[in-house]
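Structural overview
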Amino acid sequence: MVADQISLSMTINGRARRGVAEPRLTLADFLREQAQCTGVHLGCEHGVCGSCTVLMDGEAVRSCLLFAVQADGADITTVEGLAPDEETLHPVQEAFRDCHGLQCGFCTPGFIVSVTAFLEANPDPSDEEIRHGIAGNLCRCTGYQGIVAATRQAAAAMKGSGQS
Amino acid sequence: MSTAAARYVGQSVKRLEDPRLVTGHGRYVDDIMLPGMLHVAFGRSDLARATITHLDTSAAEALDGVHAVFTGADLNSHNDSLRASLHPPESPAPPANMLADGDVRFVGDPYVMVVAESRYIAEDALELVDVEFEPLDPVVDYETAAESDNHVHPELGGNLAHDLPVPNPAQQEVFENAAHIITETWHQHRQTNVPMETRGIVASWQPHAGVMEVWASTQSPHEMQLVGARVLGIGEHKMVVHFGDVGGGFGQKMFLGREDMAVLVAAKLLASPVKWIEDRRENLLASNHARIEQMTVSMAVDEDGNFLAADLDQLEDDGAYPLGGPATPGAMATMLYPGPYRMGPVSWRARTVYTNTCGRGAYRGPWQMESVAREQMIDRVAREIGIDPLELRRRNVLKPEDLPYQVSTGLFYETTISPEQTLEQAAEMIGYDDFRAEQAKAREEGRYLGLGMALYIEPTSMGMGPLGTESAMLRVEVDGHVNVFMGTGSHGQSLETTIAQLVADELGVRPDDVTLHQGHGSGYGFGTGGSRSAVIAGSAARAAASGVREKVVAIAAHLMEASADDLEVADGVISVKGTPAASMTMAQVAATAYQNSDALPPGTEAGLEHTARYKAPPTTHSNACHICTCEIDPGTGKVTLLRYVVSEDCGVLINPMVVDGQIAGGVVQGIGGVLYEHCVYDESGNPLASTFLDYLVPTAAEVPDLETGHVVVPSDTPGGHKGTGEGGAIGAPPAVFNAVADALAPFGVYPNRQPLDPNAVLSLIASASDS
Amino acid sequence: MADVVGLLGEHGDDAKPLAGGQSLVPMLAMRLTRFEHIVDLNKVEELFGVTADNGGVRIGAMTRQAAVETDATVAERVPLLHLATPHIGHFQIRNRGTIGGSVAHADPASEYPAVMLALDGVAEVASASGTREVPAAEFFESTFMTAVAPDELLTALRFPAWEQPAGFAFDEIARRSGDFALAGVAVGIGTDGGGRINRAAVGMLGVGPTPLRASSVEAALTGLAVADADPAEIGRLAADDMNPIGDVHASADYRRRAGSTLVGRVLADALSQLTQEANGG
């Protein structure tokens, strides 16, 4: 049942990476196990919870619903690739911390990647737009109160700094 | 010497956990990758009840990459030692095993375990297991389970797990003369915890050393250590449990699952590191379910609406293998039924039955049926006798002058509860009278608004048995940093921050100067669950910090040639009051304590460390009132929540942001339970909600903004805190239920069961127009 | 593309084309289905893109739902597609999910099949032996089953233009934001320019084994003056056009009752656009 391994290369958080994968290996498993991006979390492996969300060529996608071989040549950003340096958080990360947008932290990487992409497309969202915009990610701890507030704060911060 | 002033307690200090978690650098169990690590997949039954007539694993074993295939016959040799610590050996229990052997008893029952080089290969091998079943008639309906001739556990000779009748002749006397007796049966339905991180464990056996090293997604590293050691037949000191980040639990990770035990045994047999990460289907089908219960309530009320007496009959479904042992929350639910009211004498009976379904387990406020049944019943009584539900509660609620209060069921309320205050604060926040006016106007326009409330008292930080204590070992290191070692298992509760706040104030440092260490190396504690960490663990941390502070001050006074009484300690600096220039740092004191002990005051023990253990009083009660409003679309049955307010009293708040977060999370779980979530089984015991497409956890789009108000009546425990982890999930279900029932009142219907999904709501409306 | 249809022709039932993967990959991950060969369409460039076509549009099967959502030509010429797209899952899903994948998967509760049926869309299908066109009315055979044979590939969808004044509306009832619909409705109503309805297209989702047209509703509307149409009453007729089944989310009876209420509401929305137009709004 073990299929041939296929060589592939992609850019992950700004660094070129090479690897091998059998065709059925998901992008999420590849990122976690071969690229040390363990911030990519698996909460359902059927495309609903959003914990595994990454940016592929700038767009938010579920990495559990892609095969690693499909990302050959792609530019991938995971939650580990958002902060500019070790001393500084990305405005979305900062906002999640400020607004208590996380408790156990398991869904958080997917939320932060999704919110980053969402604000890229909607720099000035209403609360209603925020609630529907983040509805593709599930959180079981926060009741979303802090996450909505964090998205609001991050929108303001990114507009202020011209990041979006 | 006085205690340091509160500088950090009461502040919404940003969480110390967050920098790693928001950047993807948390370390959860699935992030543990060890050389030579093997992966587990369990083969699980597709039938609710069946005999295994044939089981051949040879083809699976022959697959490349497979290291072992275990069946029940291989693993179930430790059967007497699988009990959870909370579950006394003399109490009744279903037969214990790790893997089903000979027959299967629910869909999801594991009967085979493959250990292979990858999860992919392990699952490939499962498809090669040759198994045949002979189906048997399953016991699915818990209402009739006790009478069924089909037995979930043939060894027990029946399906009744518990039957606890507590009649009270005084109640019967009151009933004979009461103006009103109102009766209803309230139903909750099967739900599950759904932590976003499923269960999981990595176990690594060190041969010859005889040490089992474990990383686990657990709420209680010491439960893992104690029970794991027992399962393996090794000393507790040989069971090393590391505690990393844990992605939620809500009760599901208090106890070891059968799968956790199987992984421990397999790791020892194979002498290789073994990892099992539950997948979501397994989590929804076979971790634990909860809230499968009903309570028939009769209440006697006088002409003025005063509660006189109650008679309760509780029935709960334990499933096949209840997680942590067959529980008796039913007994607790009936005992707690009087809640924050003068209720009069109460008779009760609580029963639990086994069925061929996923086992029951603890889920945030496991006994909350008391609040569900009582608060829904009070709204029903209000409607039957024509009194406004807020007014009815006002007439019966316990007032400050009633305290302390002895409840007829045996509970005792201390003077530090505040149900009346939270009721009034919540009513004020929602604008009760204005809403009633708005509702009346809307009804004239054919719009259906509703308001529901729930008032409750929550027993937190229970002080009995293994739950009663926690310890803190606190050490100021040579560089002045503070390490605290505790038996807790923070999995979202923010203990790394709140414990640091407590220690910071008590010791006189900054929260950043304090690091909490859990798991291996800490003293025994039951872990995090049961709304107990703030009071019990917090008090231990406070006491340990206080012990060290005394030493710090004594040493500094000696070195600075000042009187200890003249010193203050704040933000890591010890200074002479009024003379800030005369000061030294915590690091200087520590360096002296460890590296220059000859300079210490005569008779002073070298080093800067102290261990304290706190024993909690029997119960520390918190209380809260929830009120929400909703609108129902009579064309589609959809319920939209409009506003949601909570007034709560958890005593002194350590970190208001964290308290509000705990409440919000619990509330949304309660909203999910009433409106969205349902573990549906069909008549043959087949679970129909096995993915996140069918088990509907609310998203941000389904929940309103939450407004929280705080009443602060300090408890009598050292910091004045009360537990608050579970409350949100206790108050929300009856509040939401009552709001929907209120909105539907114009149709003349009386809902008595959840979920109130669009289908149920439209059926209720249709039943009104059809009749 | 010749390679793709070659592979499908060679492997038949053993091969499955992979479009956005938002439905297929979960089924593979849960081992509910398996194929010896998965043929990835994601690098087949000629399957992507929206082009103007005779007043209508032609949309390559691999065009992402997110691209359909934001495409100006689609918004102008096929407003129903534009209105329906945000109801599909969430934006992360629409970033990968494709219009062709959605139509070929033929989930009766999904949005595009109902829109395609309502608007008399046409599917372009290719195989090693050539290409053919399948009108929407013949495309959806039963639940998850279409007229596309195992050795064929859905390559594009065509949506003809509506020349007359028209109102379009779409809505659905879902348990949560982004969930599959319990019931949904796509409505197009066209007039003769004088306020009389001369074309009614009503597609329904979630209320039968395939997407369905509400023929009774369409018949009742056609010929009526916009001002005389009572949407709630006409919407009730849709119950007879439905053939729902129950599942864990809602019973058949619910889908019929709530679905026909929804038809009335969506009709009202479409009609109000025509009224506004007539009033110069």
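Because the structure is predicted, anything quoted here is derived from the model rather than measured. Throughout this document, residue positions are counted from 1 along each chain, in the order its sequence is written. Here every chain gets a letter starting at A, and every ligand a number starting at 1, in the order they are written. Only residues with pLDDT of 70 or above have their local features reported here, since the model is predicted, and side-chain atom pairs are shown and tallied only from 80 upward, although totals for entire chains, interfaces and linings are computed over all residues.

**What about the domain arrangement of chain C?**
Interfaces are often sized by the accessible area lost when the parts come together. Residue and element names in this part refer to chain C. Bear in mind that the domain bounds are from an automatic or database domain assignment. By domain assignment, chain C separates into domain 1 (2-39 + 46-159) and domain 2 (166-278). Of note, the centres of domain 1 and domain 2, computed from C-alpha atoms alone, are 24 Å apart. Opposite the 21 residues of domain 1 that make contact, domain 2 presents 21 residues. When residues of the side of domain 1 that touches domain 2 are traced back to their parent elements, those giving at least two are helix H5 (79-84), helix H8 (111-118) and strand E7 (140-142). Top element by residues in the side of domain 1 that touches domain 2 is H8. It accounts for six residues. Class assignment of the residues belonging to the side of domain 1 that touches domain 2 gives a composition of 14 nonpolar, six polar and one charged. Any two residues are considered in contact once their C-beta atoms, placed from the backbone, lie within 7 Å. Numbering of helices and strands runs from the N terminus; a helix is a DSSP stretch of H or I covering at least four residues, while a strand is a stretch of E covering at least two. Think of it as three bins: nonpolar holds Ala, Val, Leu, Ile, Met, Phe, Trp, Tyr, Cys and Pro, charged holds Asp, Glu, Lys and Arg, and polar takes everything else, Gly as well.

**Looking at the environment of B:Ala593**
Residue and element names in this part refer to chain B. Residue position: Ala593 is located in helix H17 (residues 586-595). The sequence separation of Ala593 and Val29 amounts to 564 residues, and the corresponding C-alpha distance is 38 Å. Beyond its immediate chain neighbours, meaning those up to four positions away, Ala593 contacts Ile555, Leu600, Ala606, Gly607 and Leu608.

**Observations regarding the domain arrangement of chain B**
Residue and element names in this part refer to chain B. Domain boundaries assigned for chain B yield domain 1 (18-26 + 464-615), domain 2 (32-136 + 196-248 + 253-286) and domain 3 (293-461 + 619-770). For domain 2 and domain 3, the distance between their C-alpha centres works out to 37 Å. Each partner contributes to the interface: domain 2 provides 22 residues, whereas domain 3 provides 21 residues. Take the side of domain 2 that touches domain 3: its biggest share by element is five residues, from helix H9 (residues 280-286). A breakdown of the residues in the side of domain 2 that touches domain 3 according to their chemical character gives 13 nonpolar, three polar and six charged.

**Here we look at the confidence of the model for chain C**
In the predicted model, chain C carries a mean pLDDT of 95, and 98% of its residues have values of at least 70. Overall fold confidence for the complex sits at a pTM of 0.97, while the interface term, ipTM, reaches 0.98. Summary of the metric used: pLDDT quantifies the predictor's per-residue confidence within the range 0 to 100.

**A few points about the interface of chain C and chain A**
Between chain C and chain A, the residue contacts involve 16 residues of the former and 18 residues of the latter. Elements with a contribution of two residues or more to the side of chain C that touches chain A: helix H2 (24-29) and helix H6 (91-96) of chain C. When grouped by side-chain class, the residues that make up the side of chain C that touches chain A number six nonpolar, eight polar and two charged.

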